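Next come the chains, spelled out residue by residue.
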Amino acid sequence: MADFGFNEHHQTEIINYMRFARSKRLLRLKTIDSCFEELKDSRLVEDTFTVDEVREMLDGLQMVVRGEVEMELINTAHTNVLLLRQLFSQAEKFYLRLQTDISELENRELLEQVAEFEKTDFKTTNKINQETSKPKLAPLNEGGVSELLNKEIARLQEENDKLKSRLRTLESQAMSALDEKTKAERALKDLQRTQGEQKLSAQTKEINNLEDTVAALKEDYERSLSANAASQKDLKENLITAKHELLRVQEQLALAEKELEKKFQQTAAYRNMKEILTKKNEQIKEIRKRLQKYEPDD
């Protein structure tokens with residue numbers, strides 16, 4: 001018998017389902033055969049047919065066969081759902097969650113194995129089952145429940161023992177790790193103490209060097225500050241002196257300009273220019289008077 005990985009009881013349930021599926025398949029095939037026979041008896045009564053008549057008969061036959069095949073496929077899908085419903089309902093009574101792999105439904109190797117099982121082992125088992133009563137998928141009774149519970153308890157007890165063993169191993173490893181940690185912490189404290197003393201000595205020396213450097217910088221700053229104060233005083237005095245010198249030069253320049261203007265007024269060219277400007281002014285006045293005679297009165 002082909003091995004599907006099941007016990008004898010489940011193997012029998014598979015055979016029962018395959019018997020049911022085969023009977024439904026044979027029934028549907030007979031229905032399809034009757035469709036063809038009906039066409040032969042009802043339509044093929046003449047010797048010759050036109051193309052349109054042949055096309056009409058084939059279209060009608062196609063529609064009938066398509067409907068039968070579609071009905072069978074739909075019925076098969078619904079039947080599989082009902083079968084899964086029974087299995088899931090039994091599993092949920094024991095708080096189990098079954099899982100399915102849809103991709104395995106197209107596994108060619110497994111499909112060929114099922115086909116081989118149907119050809120060989122199914123026939124042999126069918127002959128044996130004919131001598132006995134037809135088994136049915138009966139609900140689990142109290143004895144079955146107790147057996148499953150005992151198996152589940154045994155499995156859980158075995159897992160519990162494995163977990164306890166694992167826990168003892170982990171506890172031992174944890175204690176070893178704790179001892180190693182304690183030793184490492186002690187060594188770290190000793191190292192930190194040694195390094196702390198060395199670091200404190202180095203820091204003290206560095207602080208002293210920094211204090212000396214700060215004192216030297218402070219002395220240089222005070223010296224520079226004194227020098228800057230003296231320099232600022234000299235600059236201020238020089239600035240005041242420069243301002244006084246600037247005022248004196250400006251005063252001398254103003255006197256020189258006045259003297260130069262006075263000398264220029266005493267020159268012959270200045271007197272001639274002044275006489276020309278006076279004559280021009282008189283001529284302008286005379287022309288204005290003449291123009292006023294020709295202007296109309298308002």
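Here is what the cut-offs are and how they apply
Residues numbered from 1 in each chain as written. Predicted model: local features only at pLDDT ≥ 70, side-chain atom pairs only at ≥ 80, totals over all residues. Heavy atoms only, no water. Helix = DSSP H or I, 4+ residues; strand = E, 2+ residues; numbered from the N terminus. Buried < 20%, exposed > 50% of the residue type's maximum accessible area, 1.4 Å probe, protein only. Contact = heavy atoms within 4.5 Å. Areas by Shrake-Rupley, 256 points an atom, 1.4 Å probe, with all protein chains shown as cover. Patch = residues over 30% accessible without salt bridge, like charges linked within 9 Å, V, L, I, M, F, W, Y side chains within 5 Å. Salt bridge = Lys/Arg side-chain N within 4 Å of Asp/Glu carboxyl O. Expected span 1.5 Å × (residues − 1). pLDDT = per-residue confidence, 0-100. Core = buried A, V, L, I, M, F, W, Y, C linked by side-chain atoms within 4.5 Å.

**Examining the overall build of the protein chain**
Next up, step 1: Helices and strands together make up the secondary structure of the protein chain, namely 6 helices and 0 strands.
Next up, step 2: For the protein chain, the N- to C-terminal ordering of α and β elements is α-α-α-α-α-α.
Next up, step 3: By the burial criterion, 8% of the 298 residues in the protein chain qualify as buried.
Next up, step 4: Once local pairs closer than 6 in sequence are excluded, the contacts in the protein chain between residues at least 24 apart make up 73%.
Next up, step 5: Taken as a whole, the protein chain presents about 26800 Å² of accessible surface, with 57% of it coming from carbon and sulfur.

**A look at a nonpolar patch on the surface**
Next up, step 1: Judged by side-chain polarity, Leu84, Leu87, Phe88, Leu96 and Leu98 come together as a nonpolar surface patch covering roughly 410 Å² of accessible area.
Next up, step 2: One can find leucine 87 in helix α2 (residues 51–93).
Next up, step 3: Judged by relative accessible area, leucine 87 falls into the partly exposed class, the value being 41%.

**Points about α2**
Next up, step 1: Its 43 residues give α2 an end-to-end C-alpha distance of 63 Å, which sits within 8% of 63 Å, the value for a rise of 1.5 Å per residue.
Next up, step 2: Burial in α2 covers these residues: Met57, Leu61, Val65, Glu68, Glu72, Thr79 and Ala91.
Next up, step 3: For α2, the elements touching its buried residues are α1 (8–43).
Next up, step 4: Following α2 by one or two positions, tyrosine 95 has its phi on the positive side, about 60°.

**Side note on the pattern of salt bridges**
Next up, step 1: The full count for this structure, using the stated rule, is 10 salt bridges.
Next up, step 2: Taking the shortest distance from any N to any O, the salt bridge between glutamate 72 and arginine 28 comes out at 3.1 Å. In this pair, glutamate 72 is assigned in helix α2 and arginine 28 in helix α1, connecting sequence segments 44 residues apart.
Next up, step 3: Note on arginine 28: relative accessible area 17%, which makes it buried.
Next up, step 4: Across the pair arginine 223 and aspartate 220 runs a salt bridge, and its minimum N-O distance is 2.8 Å. Of this pair, arginine 223 and aspartate 220 both sit in helix α5 (residues 142–265), 3 residues apart, which is roughly one turn of that helix.
Next up, step 5: Linked through salt bridges whose partners overlap, the residues forming this network are Arg28, Glu68 and Glu72.

**Concerning the confidence of the model for the protein chain**
Next up, step 1: Averaged over all residues, the pLDDT of the protein chain equals 80, while 89% of them reach at least 70.
Next up, step 2: Looking at the elements of the protein chain, mean pLDDT is at its lowest for helix α4 (residues 121–130), recorded as 58, and at its highest for α2, recorded as 88.
Next up, step 3: In the predicted structure, residues 131–143 sits below a pLDDT of 50 and forms 8 contacts with residues beyond four places in sequence or in another chain.

**Section: the nonpolar core**
Next up, step 1: Grouped together as the largest cluster of nonpolar side chains are 6 residues: Ile32, Cys35, Leu39, Met57, Leu61 and Val65.
Next up, step 2: Elements supplying a minimum of two residues to this core: α1 and α2.
Next up, step 3: If near-sequence neighbours (up to four positions away) are discounted, cysteine 35 is found in contact with Leu61, Val64 and Glu68.

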